[in-house]
Amino acid sequence: MKKIEAIIRHFKLEEVKNALTENNIRGMTITEVRGFGRQKGHTEMYRGTEYAVDFVPKVKLEVICSDEQMKMVVDLIMETGQTGQIGDGKIFVTDLTNVIRIRTGETGEDAL
Amino acid sequence: MDNVATLGFVWKLMCGAFALTMTAPGLALYYGGLVRRKNVLSMQIQCLYLMGLIGFCWGMWGYSLTFSEGNRLIGGLSRFGLRGLEPRAGILSESVQVELGQVLFYGSVAVFAGTLICGAFAERLKFTALTMFIVLWMTLIFCPLSRWVWGDGLLGGDQALLGGATDFAGGTVVHLSAGISALVSAVIVGQRLGYSMDDMRPHNLTYTVVGASVLWIGSLFMHAGRANLDDARYLNAALFTSMTVATGAVSWPILEFLQSGKASALGAASGVMAGVACASSACGFVTVGWAPLFGVLATIGCYATCRAMATIKTYDDSLDVFSLHAVAAVIGLCLTVWLASPDLAPGSAGILYGGGFRIVAGQLCAIGIVIIWVGFASTLIFKLVDVVVGLRVSQENEMLGLDVAQHGQEGYILSK
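What counts and what doesn't
- Residues numbered from 1 in each chain as written.
- Chains lettered and ligands numbered in written order.
- Predicted model: local features only at pLDDT ≥ 70, side-chain atom pairs only at ≥ 80, totals over all residues.
- Heavy atoms only, no water.
- Helix = DSSP H or I, 4+ residues; strand = E, 2+ residues; numbered from the N terminus.
- Rg over C-alpha atoms; globule rule 2.2 N^0.38 Å.
- Buried < 20%, exposed > 50% of the residue type's maximum accessible area, 1.4 Å probe, protein only.
- Areas by Shrake-Rupley, 256 points an atom, 1.4 Å probe, with all protein chains shown as cover.
- Lys, Arg positive; Asp, Glu negative; His and termini not counted.
- Charge placed at Lys NZ, Arg CZ, Asp CG, Glu CD.
- Bend = angle between axes of the 7 residues up to and from the residue.
- Axes fitted to C-alpha atoms, helices over the stretch in contact; angles between N-to-C directions.
- Parallel < 35°, antiparallel > 145°, perpendicular 65-115°, else oblique.
- Left-handed = near helix turned anticlockwise from the far one by under 90°.
- Contact = heavy atoms within 4.5 Å.
- Nonpolar A, V, L, I, M, F, W, Y, C, P; charged D, E, K, R; others polar.
- Pairing = 2+ DSSP bridges.
- Buried area = accessible area lost by both parts, 1.4 Å probe.
- Salt bridge = Lys/Arg side-chain N within 4 Å of Asp/Glu carboxyl O.
- Polar contact = N/O pair within 3.5 Å; in protein donor to acceptor, adjacent residues only side chain to side chain.

A.B. asks: Explain the overall build of chain B to me, please; I cannot follow it from the model alone.
C.D. replies: Along chain B, the regular secondary structure elements total 14 helices and 0 strands. For chain B, the α and β elements follow one another from N to C terminus as α-α-α-α-α-α-α-α-α-α-α-α-α-α. Computed over the C-alpha atoms, the radius of gyration of chain B is 21 Å, within 12% of the 22 Å expected from 2.2 N^0.38 for a compact globule of 416 residues. Residues counted as buried form 56% of the 416 residues belonging to chain B. Summing over all exposed atoms, chain B offers an accessible surface of approximately 16200 Å²; the carbon and sulfur share of this is 66%. Between the centroid of the 22 positive side chains of chain B and the centroid of its 23 negative side chains there is a distance of 6 Å.

Here it is in structure tokens:
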């Protein structure tokens, strides 16, 4: 199993979510995050005092899927989350040892 | 005749009530939004608490020191605790109604002037220090100043020094004096912990915008209410203020747009404040057509001062009280003596309308005396408060925020 974490733009979240759910991905977790990569932050001005805002707000999406689904999920996020401009975000893929559904105690892919 | 007196009282009551909204919710929201999240309650309680404290001082001895029989520097104590203003056999005499109107109206002015200063030492002053400062400020600064300018004292009336101040609704007494007190307090109290390094952006500008809107409305009444109903200048005062504030609210964002390409909400709110401060002296002396000039010049002056002050890394007037109020007030006071119309106040023709330079001399003398006295008295008061109760909260408490450290509550518990 894989854990896929994607940092994406806020306004792309709805599109990405719809694409994933239409393709049999039945759960995901969303976090509001702030950070920076190549996209620079911006400056704000308050009555003559300038503040550099380095951390840009983004959404982090976490999806757990089977090894076979991994390529499809990554492609879907790529397709729907892309604008082509700097600041579209990144996708991280990691191996996952186990998943347990708390209600039933099912483990592994049964718990997805 | 009785009806006229009653109507006059109702007028003062109405103006006083609306002027009171400038402090809370006006300033409470305006200032509350400008501080960091951990200090929002401290700012708002200061506004509400000072409405009470200054109101108390005003009723007990402030009114008496300002308007009762006395000399040209200070009144006496014959109206201590508003003595002698009770109805006799169920009837209020005409003169008592006039005095009661003054009590109500100028009480609101005092509350606003004192609360303005809180912006300078926001986010670090002890609550006990604030209390002690304000009681002394009322007695040594506000009451004498309003006696001098409005109570036929040193700077007003027929026997004023060099003709006295040409100040209708508080350019000297309210805005210049608050601005100077702010400057002194910012220097003596020192900058906030982490100033110019930590993120000190306003935590909620939506409050600030709403607060500025309330201040705008309140200012019309605070300025108009200075005139009695039989003095048609109340109309001019309201209109003039309205136009100046409108111009301020427009010109500040435009100035920002020209400079950085972005017109900001805080800019509009600041323009409103600059407009109010600039209109305060002129609104009963200058005709409405000149108001836009006041608004634009106030904006340019305050904007430039805010930017300049921001470069001084050791000076931290948290909410720019000096840069807005003192600067806009001086601009207004100086323009007034050039543009005062003899049609509005026959004795006070500005230079442009053939008035002599005496009006300028009187105004400069008033500005000088106010700056010197307020500067001196504020220094004295803050040094005294420092010795007696100490000015600042501990570093630990400043980091924690005054809401929890001083008031034991939090402004936002949004996860509940």
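On we go.
A.B. asks: Just to check I follow, could you spell out helix 5 (residues 127-150) of chain B for this structure?
C.D. replies: Think of an α-helix as turning once every 3.6 residues; residues three or four places apart then point the same way. For helix 5 of chain B, the principal kink sits at Met138(B) and spans about 45 degrees. One or two positions beyond helix 5 of chain B, positive phi appears at Asp152(B), with a value near 55 degrees.

A.B. asks: Would you explain the packing of helix 11 (residues 321-339) of chain B against helix 12 (residues 358-388) of chain B in this entry?
C.D. replies: A pair of packed helices is captured by two measures, namely the crossing angle of their axes and the spacing between those axes. Residues and elements named next belong to chain B. At a minimum axis distance of 9 Å, the contact between helix 11 and helix 12 shows a crossing angle of 165 degrees. One finds that helix 11 runs roughly antiparallel with respect to helix 12. Of the two elements, helix 11 crosses helix 12, and the hand of that crossing is right-handed. Between helix 11 and helix 12, the residues in contact are Leu-333, Cys-334, Thr-336 and Val-337 and Ile-359, Val-360, Gln-363 and Ile-367, respectively. Here the contact of helix 11 with helix 12 is built from residues that sort into 6 nonpolar, 2 polar and no charged.

A.B. asks: Any chance you could explain the pairing of strand 4 (residues 49-53) of chain A here in plain terms?
C.D. replies: A regular strand carries its side chains on alternate faces of the sheet. All names here are of chain A. When strand 3 (residues 42-46) meets strand 4, the two strands line up antiparallel, connected through 5 bridges. Residue Met-45 lies in a different strand from strand 4, and its bridge partner there is Glu-50. Following strand 3, the chain reverses through 2 residues before pairing antiparallel with strand 4; Arg-47 in that reversal takes a positive phi of roughly 45 degrees.

A.B. asks: Even after reading the chapter, I still don't get the interface of chain B and chain A, so can you show me in this structure?
C.D. replies: Quoted interface sizes are often the accessible area lost when the parts come together. Contacts between the two partners involve 17 residues from chain B, matched on the other side by 8 residues from chain A. For the pairing of chain B and chain A, the buried interface totals around 1100 Å² over both sides, and the portion due to carbon and sulfur atoms is 56%. Considering only the side of chain B, the residues that lose the most area to chain A are Arg201(B), Leu266(B) and Arg307(B), jointly responsible for 43% of the buried surface there. Here chain B and chain A share 2 salt bridges between them. The salt bridge involving Arg201(B) is made with Glu44(A); its shortest N-O contact spans 2.9 Å. Here chain B is connected to chain A by 6 residue pairs in polar contact (both at pLDDT 80 or more). Those elements giving two or more residues to the side of chain B that touches chain A turn out to be helix 2 (22-34), helix 9 (265-282) and helix 10 (291-310) of chain B. In terms of residue count, the dominant contributor to the side of chain B that touches chain A is helix 10 of chain B (3 residues). When the residues that make up the side of chain B that touches chain A are grouped by side-chain class, the tally is 11 nonpolar, 1 polar and 5 charged.

Spatial relationships are all this shows, so hold off on functional conclusions.
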